[in-house]
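A look at the structure
If you want the building blocks of each chain, they are given just below.
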Amino acid sequence: MVDDEIMNIELLKAYLEDDYSIVSATNGRDALDLVPEEKPDVILLDVMMPDLNGYQVCETLKGDPETQFIPVIMVTALSGRDDWISGIEAGADEFLTKPVNKMELLTRINSLLKLKKMHYDLLEERDKLNLQNKIRSVLTQIIPTLLRTLPAEQKSVVIHQMIDMVVESILENTDSGSRENGHEGIGDICCNIINQLGANFESGPGEEENTVFLIKGNVCPWGKEEAQLNPILCTISRGIFSRILDTYDQELEVEAIETMGNGDEQCLFQLNKIEY
């Protein structure tokens, strides 16, 4: 909240302090210093201020990649057409005319917060997609070539290291479910993680007495042709499921029944109870 008139700040605080934590500044330079430190969700910015006016502050914020997506509401006594155009050119997201109506203020803030959340949700989806593409690129292009050059005793070590990397990376970037003990829901978690890599797998009940559930799908996470050229990728898929079961303390073992890498029309994995 930025305004060179303390009385204006106090009035807006009275409107908002029940729902929001508020940080205030009485000039543009202090505001620009505070923003990187406080990381506000919304900025209420007066226009008429000495030294740096609101337009200049807004333009600076919108020109910085670190702050350009923070919503800015210009709060001004000015209501002329040119004043609004200046605000738009500076990058303001909304305008309020003094004296500010409390209901209008709350409505504008809520609206901007929803838009901001949608924006960051899209960024999160983009980051997940980038992660998916990065992992697939490494596994489908680099690993098969690397494995061909390694002695047999080292191949297993590399595969396990790559599986750990995949599962840990995706678990850090997605809500895969509860880590409570029990088999219920673990099939969906396995599918959720492998589908992050581009597969289309689903979980279903087992058909045999010892089978807890099945995982099957006809869209390969690595690409059908890549898997057929490098069947080791199917081994990595199986290893991913095993690693997930270990992470969630599930005493199950994975058996590959069909794989597209071996020329089958689908991938089918059984997750069976371990018999001691």
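Read on for an overview of the structure. Fair warning: this is a prediction, and the values are worked out from it, not measured in the lab.

Paired through their backbone hydrogen bonds, the strands of a sheet run either parallel or antiparallel. With respect to topology, four strands assemble into an open sheet ordered E4-E5-E7-E6, the strand pairing being antiparallel. Of all strands in the sheet, those with a lone pairing partner are strand E4 (201-205) and strand E6 (252-258), marking the two edges. The mean inter-strand angle of the sheet, taken between neighbouring strand axes irrespective of direction, is 25 degrees. Pairing between E4 and strand E5 (residues 211-217): five bridges, direction antiparallel. Bridged to Phe201 within E5 is Gly217. Its contacts with the sheet place helix H7 (residues 186-195) against E4, E5 and E6, and it is angled at close to 165 degrees to E4. Packing of helix H9 (residues 232-247) onto the sheet brings it into contact with E4, E5, E6 and strand E7 (267-273), and relative to E6 it is tilted by some 160 degrees.

Attention now goes to the environment of Thr67. For Thr67, the position within the fold is in the loop between helix H3 (54-62) and strand E2 (72-76). Here Thr67 falls in the buried class, since its relative accessible area comes to 7%.

Note on placement: Ser237 falls in helix H9. Ignoring sequence-local partners within four residues, the contact set of Ser237 consists of Ile194, Pro221, Trp222 and Phe269.

Ile186, Phe201, Ile215, Ile240, Phe241 and Ile244 are the most contacted members of the largest nonpolar core, which totals 30 residues. Tallying contributions element by element places H9 first for this core, with seven residues. Residues Leu52, Leu61, Met74 and Phe95 belong to the second largest nonpolar core, which totals 19 residues.

Okay, the packing of H7 against H9 next. Taken N-terminus to C-terminus, the directions of H7 and H9 make an angle of 135 degrees; their axes are 10 Å apart at the nearest point. In terms of orientation, H7 and H9 fall into the oblique class. Here H7 runs over H9; the crossing is right-handed. Residues Ile186, Ile189, Cys190, Ile193 and Ile194 of H7 form the contact with H9, whose own contacting residues are Ser237, Ile240, Phe241, Ile244 and Leu245. Looking at the contact of H7 with H9, its residues break down into nine nonpolar, one polar and no charged.

With that settled, consider the packing of aromatic side chains. Counted by the stated rule, this structure contains two aromatic pairs. Judged by centre distance (6.5 Å) and plane angle (40 degrees), the rings of Phe201 and Phe241 are tilted. One end of the pair, Phe201, is in strand E4; the other, Phe241, is in helix H9, with 40 residues separating them in the sequence. Across the pair, exposure class does not vary: Phe201 and Phe241 are buried alike. Here the aromatic rings of Phe241 and Phe269 are separated by 5.1 Å at their centres, their planes lie at 70 degrees, and the arrangement is edge-to-face. With Phe241 in helix H9 and Phe269 in strand E7, this residue pair connects regions lying 28 residues apart in the sequence. A relative accessible area of 0% places Phe241 in the buried class. For Phe269, a relative accessible area of 1% puts it in the buried group. The rings of Phe201, Phe241 and Phe269 are connected pair by pair, giving a single aromatic cluster.

Quick notes on the rules
Residues numbered from 1 in each chain as written. Predicted model: local features only at pLDDT ≥ 70, side-chain atom pairs only at ≥ 80, totals over all residues. Heavy atoms only, no water. Pairing = 2+ DSSP bridges. Helix = DSSP H or I, 4+ residues; strand = E, 2+ residues; numbered from the N terminus. Axes fitted to C-alpha atoms, helices over the stretch in contact; angles between N-to-C directions. Contact = heavy atoms within 4.5 Å. Buried < 20%, exposed > 50% of the residue type's maximum accessible area, 1.4 Å probe, protein only. Core = buried A, V, L, I, M, F, W, Y, C linked by side-chain atoms within 4.5 Å. Parallel < 35°, antiparallel > 145°, perpendicular 65-115°, else oblique. Left-handed = near helix turned anticlockwise from the far one by under 90°. Nonpolar A, V, L, I, M, F, W, Y, C, P; charged D, E, K, R; others polar. Phe/Tyr/Trp six-rings, centres within 6.5 Å; stacked < 30°, edge-to-face > 60°.

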